[in-house]
Every structure is written in structure tokens, then in C-alpha cells.
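Letter by letter, the chains look like this.
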Amino acid sequence: MSYAVLHIMKASGSCNAIARHIERTTQPDNAHPELRHLNRDDFIKYPDGVVGLGEAIQHRLDNAGLTRKIGKNQVLALHVLMTSDGDALRRLADEGRLDEWAQASVGWAKQTFGEDNVVAAHLHMDEQTPHLHVTVVPIVTAERKKKASEAKAKKRYRTKSKDDPRLSANDIMTRENLTRFQDTYAEAMERFGLERGIRGSEARHVDQHEYYRQCQIRKKDLEQDVAGLSADKKQLDTENRSLEKRKAELERGNRWLEKTIIESKAANAKILKENSDLEKRKSELEESNSCLAATNTTLSNEKKLLEADKKKTADEIADIEADKSKLIEERSTYAKETEAARKEKETALQEAADAKAQRDSNRKDALSNLANRFTGSKTKRLESELADSREEIRTLKERADETAKTHRSRVWDLQQQLDKQKEREDSIVRGHKETEDLIQRFFPGVIAALPAIRDCIRVKMSDTLITTLLDGKPRSFKTGYTLYDPNEEKDVDVGNVEVQIKRDPTDDNNYRLHLGGKRVFQWFREKWQSLKQTVRRGFGIR
């Protein structure tokens, strides 16, 4: 198990040296500048108007209610270093618990030294072993212990309140307190898999200056070793360059062979795939032709039936027209016969009147009765025939009116159905138009982005990626990423290709998906053309 390391140092004067190290205003030799962005100082917030560690210490001293004057050599702050071995802290970082460890360490310091006395906390991640610097102003309220010399002194000073706050690092840095600090900090770190150091261990903390001095000594030794190895390195570099050159030539040959093999395999696979697709398409077309042939047969039969019905209807209409013409002719004939009968009747009456005066009353009555009997019989016959013709004409007219009424009713029903269908379509169009107007009103960019979204869906892009690309920023796909080409019905490798949703250069009102600065489907076409040309060159085809 790893140890929980706790080290407390006194700082006197302005604390500028340790502050420069903690706040990284100067670059330590053992720190890595490229990792400085991982450092944190947000565990404790400085008061308003306070900038920097030195001002934070002074602010606490000014607001602690101290009644004694601070001496020139008096300790103003304690710098508490909390850490463990590198493996333990890297394990906590991998588990995502390094921040929790730092928060727990700061919490222990606040509980141990008083929350107001803990003025700053800095986590350093740019050195070999991550560690935490906590700065504590040693303000205490316990009664001050008198030294033996003071107890024997005859001169007495005015007694001050026992509970007044005092600045005293010695009251905190007692042997008993230091042991207790190690115990309580180890208890707080148990949940992170850290245990207390060995009691009575002779291991000592190496301060910063001693560590830097040892680093300089090791640096000089290493420089001597480097100077001794430089000659060997030059010779090895010459040999390595010769070997690297030969290796590069062999690798170029291998890459050319591998590329040729890959291109040949890709061309063969593509040809096989295309043949398979053509066979599949041929089968689909044959099935479609079979279905269409059956449909055509059905439609032909229906057409024949309709033509037969049409011919039958036309024959019926012709028969009705012929009957109508015949009835009109018969009516005209009956009218002529009636007119002739009327004139014949008038002539007979005139003749009877003339004969009446010349004959005697008996003969006149006999002739009159005979004439009445003759003319009355013929007139009744004509009138009866005319009545029958009129009745037949009326029946035919009623049949024609009934047929016309049936046709009008059918036309009316079809018109009603057409009007209802048109009304439904108009309602759907109005609904879509209202929805589009609302979207355009409250989300003006959505309508313009719809063509680009449709492009993304056609190439089978995930919804998450589509949402990410809608911000209009250019991005690049990871190596091996593929998109679907609907025209070729294949996945295309788009690894390391720039992708962006931006305005269509041919239509400024809409956005489109672009690959490599081109419309996505144009990029697909050029990609396939390039591949075909590569395959032709590989087979010696122009």
C-alpha cells in the first residue's frame, strides 16, 4: 500500500520565494511547462480585491484581530505539502478520483487549522509526482505558554486576554501536534488506499534547494557521459543513416508492391461486386417485368371490357336516336294525315250543306246521317292512332330523361368526390405551409439547413454527428471512418477528410454538406472516377 505524505514547513518574511514556486511565476527546473495548464488553484477563492498568495496571507493577518505586533523574524505562514508516490496518484487520476483526493486534503487542512486560516491551495501536475500545496496562516486562540525565563522574571507586564487571537507557528508545530497531524491525515486518506508512514522513520524530506543542488550535480555527471558517448553516437549515426537509406529503398519497393496488390484486389473485388449488383439488378428487373406483364394483361382485359361497355352504350344511344327520329317522322306523318282528314271533313260538310238545300228533308237526313257515319269513323281512327303515337313518344322521352338523370347523378357524385379530395389536399398543403411559416418565424435557420440535413441522412450519418456539424465549423473524420454513397450503394472511406455544413455556392439560401470543400455527392463522384482511373492504370488500360 502507498503512504499518505504530509510535510509542514515554516515560512518567514514576505514568503515571496515560496510564493514564486507555488504560483509558477518562475519556471522550476524540475517542472514541465507543457503540463502547466493541468495545475489548479481554484480550491480556495481569494477575497475580493486580493491578488496572489502574498496578498492573501497579508489579508488574513490584517483581518484576524491580532493585538500584538508582528515581529520581523516571526513565521507568517505554514506551507503544508500533501502527496504520495507517483503510482498511487496516477491510479487515483485513472480512476477519476484525483480531484476528490485534493478536495479531501484541503478539507482536512481546514478542519485541522481552521477554515479562515487556510488561505490558498495549489495542485501541481507539471512535476514528476503530483502534489498539493496548502498555505496556512498560524492564528491561534489558546493561552500562550510562558518560557522558563519569563516565569522567573521580576518585571511583570499587563496581562492580556487569554482568548485573543495570536500569530504563533510554535504553538502549532509542537511534537505532539505534528504526530497527531500525521495520524489524522492518514485516517482521512484511508478511503483512497493510502496509509500512515512508518513511525520513527529516519526518512527526511529533501527541501527544494537541496533537490536542485543534487540535480545540478547529476546534470554535470550526465554531461560528461554524453560527451564520452558523442563520438560513438556519430559513428552509429553514420551507420544508421546508411542502413536507414537501404531500409527506405526496400520499404519503397515493398510499399509499391503492396499498393499494386491492394489496388488489384480492390479492382477485382469491385468488379465482382459490380457483377453481383448487375445480376441482382437483372433479377429485380425480371421480377418487375413479370409483375408488369401481369398488370398489363389485367389492364388490357379491363380495357377490353370498358371498350365493350362503351360500344354497348353507344349502340343504345344510337338506337334511342333512331327511335327518336322514327317517332318524329311518324308524328309528322300523323299530323299530315290529320290535316288531310280535317280538310276532307270540311269539304264533306260543305258538300252536305249544299245538298241539304236541294233535297228534301228525308233525303237530306239520310244523306246527313250517312255522311256523319262515314266521316266520324275515319276521324276516330286517326285520333286513336295519334293518341297511341303520342303515348309511345312520351314513353321514349321518359326513358331518355331517366337515362340523362342517371348520367347527371353519376357525374355529380364524381364531382363531389373530386371536390372532397381536392379539399383534403388543400388542407394538407395549408397545414404544411403553416408549419413551415412557424419554423421560419421562430427558427429561421432550420429551413435553410434542411437540404444539408437531408444530405447527411442520405449518406447514413449518425444523428449525434449531424447535430454537431450544424454549428457550421469544419471538422475532419477519424481514420477509417466511412460514409454511404447512395448512387453507388457502397460505403466510402472518408478518413482525414474535412467535413462541413456551409452555404450552397449555387443557392445562397440553403446549406449543403461538403467534403473536402466540395458538395458531398460531387466528392463521391470524383472519388470513384479517381479509383477507376487508378485501376485502369494498374491493368495498363487507357
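What this report covers is the structure whose coordinates are included nearby. (Residues numbered from 1 in each chain as written. Predicted model: local features only at pLDDT ≥ 70, side-chain atom pairs only at ≥ 80, totals over all residues. Heavy atoms only, no water.)

**Details of the nonpolar core**
Soluble, globular proteins show a tendency: their nonpolar side chains are buried together. Counting residues in each nonpolar core, the largest one holds 36 residues, and the members touching the most others are M82, W101, F113 and V134. Listing elements by their share of this core, those giving two or more residues are strand 2 (5-12), strand 3 (75-83), helix 3 (86-94), helix 4 (98-113), strand 4 (118-124), strand 5 (131-136) and helix 6 (175-189). With eight residues, the single largest contributor to this core is helix 4. Discounting chain neighbours no more than four positions away, the residues touching W101 are M82, T83, L89, L92, L123, L132, Y185, M189, F192 and L194. The next biggest cluster of nonpolar side chains, apart from the first, holds 21 residues, and it includes A452, V499, V520 and W528. (Core = buried A, V, L, I, M, F, W, Y, C linked by side-chain atoms within 4.5 Å. Buried < 20%, exposed > 50% of the residue type's maximum accessible area, 1.4 Å probe, protein only. Helix = DSSP H or I, 4+ residues; strand = E, 2+ residues; numbered from the N terminus. Contact = heavy atoms within 4.5 Å.)

**Overview of the pattern of salt bridges**
Taken as a whole and judged by the stated rule, the model has 23 salt bridges. Between E127 and R24 there is a salt bridge; the shortest N-O distance is 2.7 Å. A residue pair is termed long-range when its members are at least 10 positions apart, and E127 in the loop between strand 4 and strand 5 and R24 in the loop between helix 1 (16-23) and helix 2 (53-62) qualify at 103 residues. E127 sits in the buried class, given a relative accessible area of 13%. (Salt bridge = Lys/Arg side-chain N within 4 Å of Asp/Glu carboxyl O.)

**Comments concerning the packing of aromatic side chains**
Geometrically, a pair of aromatic rings is defined through the distance of the ring centres and the angle of the planes. This structure, assessed with the given rule, holds seven aromatic pairs. Centroid distance W108 to F181: 6.3 Å. Interplanar angle 85°. Geometry classified as edge-to-face. Linking W108 in helix 4 with F181 in helix 6, this pair joins segments that are 73 residues apart in sequence. For W108, a relative accessible area of 5% corresponds to the buried category. (Phe/Tyr/Trp six-rings, centres within 6.5 Å; stacked < 30°, edge-to-face > 60°.)

**As for a negative patch on the surface**
Taken together, the side chains of D315, E316, D319, D323, D388 and E392 define an acidic patch exposed on the protein surface. Taken together, the elements giving at least two residues each to the negative patch come down to helix 7 (208-358) and helix 8 (361-442). With four residues, helix 7 is the single largest residue contributor to the negative patch. Of note, D323 is situated in helix 7. (Patch = residues over 30% accessible without salt bridge, like charges linked within 9 Å, V, L, I, M, F, W, Y side chains within 5 Å. Areas by Shrake-Rupley, 256 points an atom, 1.4 Å probe, with all protein chains shown as cover. Lys, Arg positive; Asp, Glu negative; His and termini not counted. Charge placed at Lys NZ, Arg CZ, Asp CG, Glu CD.)

**Concerning helix 3**
Among the residues making up helix 3, those that are buried are G86, A88, L89 and L92. Within helix 3, the buried residues cover an arc of 165° as seen down the axis, which keeps them to one side. In this structure, helix 3 carries D87 and D94 as exposed residues pointing more than 90 degrees from its buried face. Taken together, the buried residues of helix 3 touch strand 1 (2-3), strand 3, helix 4 and strand 8 (194-195). (Arc of directions from axis to C-beta.)

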